[in-house]
Amino acid sequence: MTQVQLAGTGMTTFGSHPDRTGRDMFADAGLAALEDAGVPAGDVDELFYGNFVGTLSEGQGHQGPLMAEALGTTVPSRRIESACASSGLAVHDAVRAIRSGESDVVVAGGMERMTNMGTAGATKGLASAADDLYEVRSGVTFPGAYALMARAYFDEYGGTHEDLAHIAVKNHDNALANDHAHLQQEITVADALDAPEIASPFTLYDACPISDGAAAIVLTTPEYAAEHDLEADVAITGAGHGGDTMALHDRQSLSKTPATRDAAVDAYDDAGIEPSDISVAEVHDCFTIAEVLALEGLGLYSHGEAIGAARRGETRRDGELPVNLSGGLKAKGHPVGATGAAQVAAIATLLDGTHPRADAVDDATVGVAQNAGGTVASATVHVLEVME
Amino acid sequence: MTDVTNGEYDAFLEALAAGEGYYRSCENGHGLLPPRRACPHCGDRNLTERDLPSAGEIVTHTTVSVPTPQFEDDAPYVTAVVDFGGVRLTGVVRGIDQTAVEIGDRVTATVESNETDGERTIVFRPAE
Ligand SMILES: [Zn+2]
């Protein structure tokens, strides 16, 4: 199987950019990734582009060709939609394209423009990742769905809102050094606990912000990288994709995420690693509880154990397993369709030493990125490794 | 309200409103809500219609303060997942003080209008 080299990364600043068009944001990230890789647009064979609600927010369908054009090419492209896992899945499918031998150079990435929809519009758009008939019409919102999982988790394993607040504090702190982050604002546990409630037990600080932005990576074969003298020290050695039922009430457990578990099993098997080999992780913390569910789904913690990880300091910057050094979705921001690619870019730059928080994981050679769609009805996991 | 219907979902709401709620069960006992032609857990297509038990137990709940536009005038409201033994349903809890809703509370399922646009919503009320 062909090895998949990660040759370049690019992203816009995540934040509130209601006046920027999607095509402009994706051009910004995608061209930066090509520049970083040292690959001309003319060498790109395919584009894998993730986007969730572009047809609602911009009234724009058929975004694949539009975004390829933005990069200066008309190569084959497709828009991949899997809610918040859209660009994690774009990366997954791009890895397949390289491995299959069909393509030598691919761009994978994603874009979301949401703040132009307003809070009500964005809340409606995000809720569409849940089952419209049996959840949204029963009052479920996106924060509400994760709040249902949080309360079920507390009931089954214990844990408190204060445990979750420590996750928010950690991720906000990590984002302080990340100039691409949406929120660069230090918060305290008391700030998080005292903030206005959005869906009990969650307050405002349990939720990621509504963000605009784009991210992209360039993947190549070792042959192409060698022939063109690219600096590509990091490879994607494992890729997994898992699924589950859309509606929470159809699942056997409300406090576990088997889609993440299944994606992780495949990705680790692919890479030939064990969870204990991983020394840094970017996980899908759209809500604080989601970081807990992700760490347990990834096999990095037993069920019921990850809830206290941030409070105990284990997942903080100076802990044994730093998690979300970028700031996570919580503070870096969550332009839905861009998130999965941004996570992979974060791990790649943490491993090659160019991320502003790379000092925290000096010796790391194996990292993992986990991206989740909706309430984890879909999930992707990627293993990245430094190649000798 | 629109003239367009959602097939068996609407039929299910009408039955639930009439006190004749039902669900489908596969041969391995997985409970499903219509429309379903196959069980997502085991692939079984031999689905049997069963009566929805008259009461169930809240397994998780949340009080939503930031709603979607279709529940704007309803917020804050409580949404819960209720286990009816064999099948679970999600709906809005009414008739219990919002701060007093607890996991384990016994409720019945019915259909009522939401306060925002009058659309029908699955509603749970205290059992008895
Ligand atoms: Zn079944």
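Per an unreviewed UniProt entry, chain B carries the name Zn-ribbon domain-containing OB-fold protein and comes from Natrinema thermotolerans.

Caption draft 1: Representation of the sheet that holds strand β2 (residues 46–50) of chain A within the structure. Residue and element names in this part refer to chain A. Sheet architecture is open: nine strands sit in the order β3-β2-β4-β7-β1-β8-β11-β10-β9, paired in mixed fashion. Only two strands of the sheet have a single neighbouring strand rather than two, namely β3 (77–80) and β9 (280–282). Strand after strand, the sheet turns through a mean of 25 degrees between neighbouring axes, direction not considered. With eight bridges joining them, strand β10 (residues 366–373) and strand β11 (residues 378–386) adopt antiparallel strand pairing. For V368, the partnering residue across the bridge sits in β11 and is V383. Where helix α3 (residues 63–70) meets the sheet, it contacts β2, β3 and β4 (105–112), and its direction lies at approximately 120 degrees from that of β3. Against the sheet, helix α14 (residues 339–352) makes contact with β1 (4–11), β4, β7 (213–220), β8 (234–243), β9, β10 and β11, and its axis sits at roughly 170 degrees relative to β10, the strand it touches most.

Caption draft 2: Structural view of the pairing of strand β5 (residues 77–83) of chain B. All names here are of chain B. Of all the seven residues making up β5, six are buried; the element is thus mostly covered by neighbouring parts of the structure. The pairing of strand β4 (residues 56–64) with β5 spans seven bridges and is classified as antiparallel. By the bridge assignment, E57 is partnered in β5 with D83. With six bridges connecting them, β5 and strand β6 (residues 88–93) associate as antiparallel partners. Its bridge partner being in β6, A80 is matched across the sheet by G91. A loop of four residues connects β5 with β6, the two strands running antiparallel in sequence, and G85 in this loop sits at a positive phi of about 75 degrees.

Caption draft 3: Structural context of the sheet that holds strand β2 (residues 31–32) of chain B. Residue and element names in this part refer to chain B. With respect to topology, three strands assemble into an open sheet ordered β2-β1-β3, the strand pairing being antiparallel. Since the sheet does not close on itself, it has two edges, and those belong to β2 and β3 (48–51), each with one partner. Where strand β1 (residues 22–25) and β3 come together, four bridges link them in antiparallel fashion. Residue Y23 lies in a different strand from β3, and its bridge partner there is R50.

Caption draft 4: The coordination of the zinc ion, seen in detail. All names here are of chain B. Within the protein, the zinc ion binds to C26 (SG), H30 (ND1), C39 (SG) and C42 (SG); these donor distances fall in the range 2.1 to 2.3 Å. Relative to the metal, the four donor atoms surrounding the zinc ion lie at angles of 98 to 118 degrees, and the coordination shape comes out tetrahedral. The exposure class assigned to C26 is buried, which follows from its relative accessible area of 3%. Among the residues examined, H30 registers a relative accessible area of 17% and is labelled buried.

Caption draft 5: Helix α11 (residues 288–297) of chain A, seen in detail. Residue and element names in this part refer to chain A. Burial within α11 is extensive, with ten of its ten residues counted as buried. Buried positions along α11 lie against α6 (142–157), α7 (161–175), β6 (202–203), α10 (258–271) and β10. Of the residues flanking the end of α11, it is G299, one or two places downstream, whose phi is positive at about 75 degrees.

Caption draft 6: Geometry of the interface of chain A and chain B. Each side of the interface is counted separately: chain A has 28 residues, and chain B has 36 residues. Of the roughly 2800 Å² buried where chain A meets chain B, counting both sides, 58% is carbon and sulfur surface. The interface formed by chain A and chain B includes one salt bridge. In this structure, A:D250 engages B:R36 in a salt bridge whose closest nitrogen and oxygen atoms are separated by 2.9 Å. Our count for the chain A to chain B interface comes out at 15 residue pairs in polar contact (both at pLDDT 80 or more). Looking at the side of chain A that touches chain B, the elements that each hand over two or more residues are α5 (118–127), α6 and β5 (197–199) of chain A. Element by element, the count of residues in the side of chain A that touches chain B is highest for α6(A), at six residues. Residues belonging to the side of chain A that touches chain B are distributed by class as follows: twelve nonpolar, nine polar and seven charged.

Caption draft 7: The UniProt feature "domain: ChsH2 C-terminal OB-fold" (unreviewed entry) in chain B, seen in detail. The positions that UniProt labels "domain: ChsH2 C-terminal OB-fold" (unreviewed entry) are, in the present scheme, residues 50–111 of chain B. This span, residues 50–111 of chain B, is 0% helix and 48% strand, and a straight line between its end C-alpha atoms measures 19 Å.

Caption draft 8: Representation of the pattern of salt bridges. Residues and elements named next belong to chain A. Throughout the structure, instances matching the rule amount to 22 salt bridges over all chains. Linking K256 and E156 is a salt bridge whose minimum nitrogen-to-oxygen distance equals 3.7 Å. Here K256 is found in the loop between β8 and α10, whereas its partner E156 is found in helix α6, with 100 residues between them in sequence. A residue is classified by how much of its surface remains accessible, and E156, at 45% relative accessible area, is partly exposed. A salt bridge links R311 to D163, with the nearest nitrogen and oxygen atoms 2.5 Å apart. Placement of R311 in helix α12 (residues 309–312) and of D163 in helix α7 is noted, with a sequence separation of 148 residues between them. Overall, D163 belongs to the buried group, its relative accessible area being 7%.

Caption draft 9: Molecular detail of unusual backbone geometry. B:P34 connects to B:P35 through a cis peptide bond whose omega is -5 degrees. Secondary-structure assignment places B:P35 in the loop between β2 and β3. Geometrically, the link from B:A75 to B:P76 is a cis peptide bond, its omega value of -5 degrees lying close to zero. Structurally, the position occupied by B:P76 is in the loop between β4 and β5. Even without a glycine there, the phi angle at A:V376 is positive, about 70 degrees. With respect to the helices and strands, the residue A:V376 is situated in the loop between β10 and β11.

Caption draft 10: Seen up close, the packing of aromatic side chains. Residue and element names in this part refer to chain A. Within the structure shown, the criterion is met by eleven aromatic pairs over all chains. Ring centres of F202 and F287 lie 5.8 Å apart, and the angle between their planes is 0 degrees; on these two criteria the pair is classed as stacked. Placement of the pair is F202 in strand β6 and F287 in the loop between β9 and α11, with a sequence separation of 85 residues. No difference in accessibility class separates F202 from F287, as the two residues are buried. One cation-aromatic arrangement involves R78 over F48; the distance from NZ or CZ to the ring centre is 4.1 Å.

Reading the values: rules and limits
- Position numbers for residues count from 1 along each chain, tracking the sequence in the order it is written.
- The lettering of chains begins at A and the numbering of ligands begins at 1, in the order of writing.
- This being a predicted model, a pLDDT of at least 70 is required before a residue's local features are given, and a value of 80 or more before pairs of side-chain atoms are given or counted; all residues contribute to the totals for chains, interfaces and linings.
- Water and hydrogen atoms play no part in the side-chain values, which are based on all heavy atoms of the structure.
- At least two DSSP bridges between two strands are required for those strands to pair.
- The numbering of helices and of strands both runs from the N terminus, where a helix is a DSSP run of H or I of at least 4 residues and a strand a run of E of at least 2.
- Axes here mean lines fitted to C-alpha atoms, for a helix over just the part in contact, with angles spanning 0 to 180 degrees between N-to-C directions.
- By the convention used here, residues are in contact when the closest approach between their heavy atoms is within 4.5 Å.
- Buried, partly exposed and exposed residues are distinguished by accessible area as a fraction of the type maximum, computed with a 1.4 Å probe on protein chains only: under 20%, between the cut-offs, and over 50%, respectively.
- We call an atom a donor if it is N, O or S and sits within 2.8 Å of the metal, or 3.2 Å for Na, K and Ca. Water is not counted, so some sites may look partial.
- Only two sets of limits are used to name each site, 85 to 135 degrees for every angle of a tetrahedral four-donor site, and over 155 degrees for opposite donors with all other angles from 65 to 115 for a square planar four-donor or octahedral six-donor site, with any other site named irregular.
- Once two parts are joined, some of their accessible surface, as seen by a 1.4 Å probe, is lost; buried area is that loss totalled over both.
- Salt-bridge detection follows one rule: a side-chain nitrogen of Lys or Arg within 4 Å of a carboxyl oxygen of Asp or Glu.
- Whenever two N or O atoms come within 3.5 Å, that pair is a polar contact, provided that in protein one can donate a hydrogen and the other can accept it, and provided that, for residues adjacent in sequence, both atoms are side-chain atoms.
- Amino acids are sorted into nonpolar (Ala, Val, Leu, Ile, Met, Phe, Trp, Tyr, Cys and Pro), charged (Asp, Glu, Lys and Arg) and polar (every other residue, Gly among them).
- UniProt positions are given in the numbering used here, feature names are shortened, and annotations may be inferred rather than shown by experiment.
- Aromatic rings from Phe, Tyr and Trp, with only the six-membered ring used for Trp, were paired whenever their centres fell within 6.5 Å, and each pair was classed as stacked if the ring planes differed by under 30 degrees, edge-to-face if by over 60, and tilted otherwise.
- Whether a charge lies above a ring is judged from NZ of Lys or CZ of Arg, which has to be within 6 Å of the ring centre and within 35 degrees of the ring normal.

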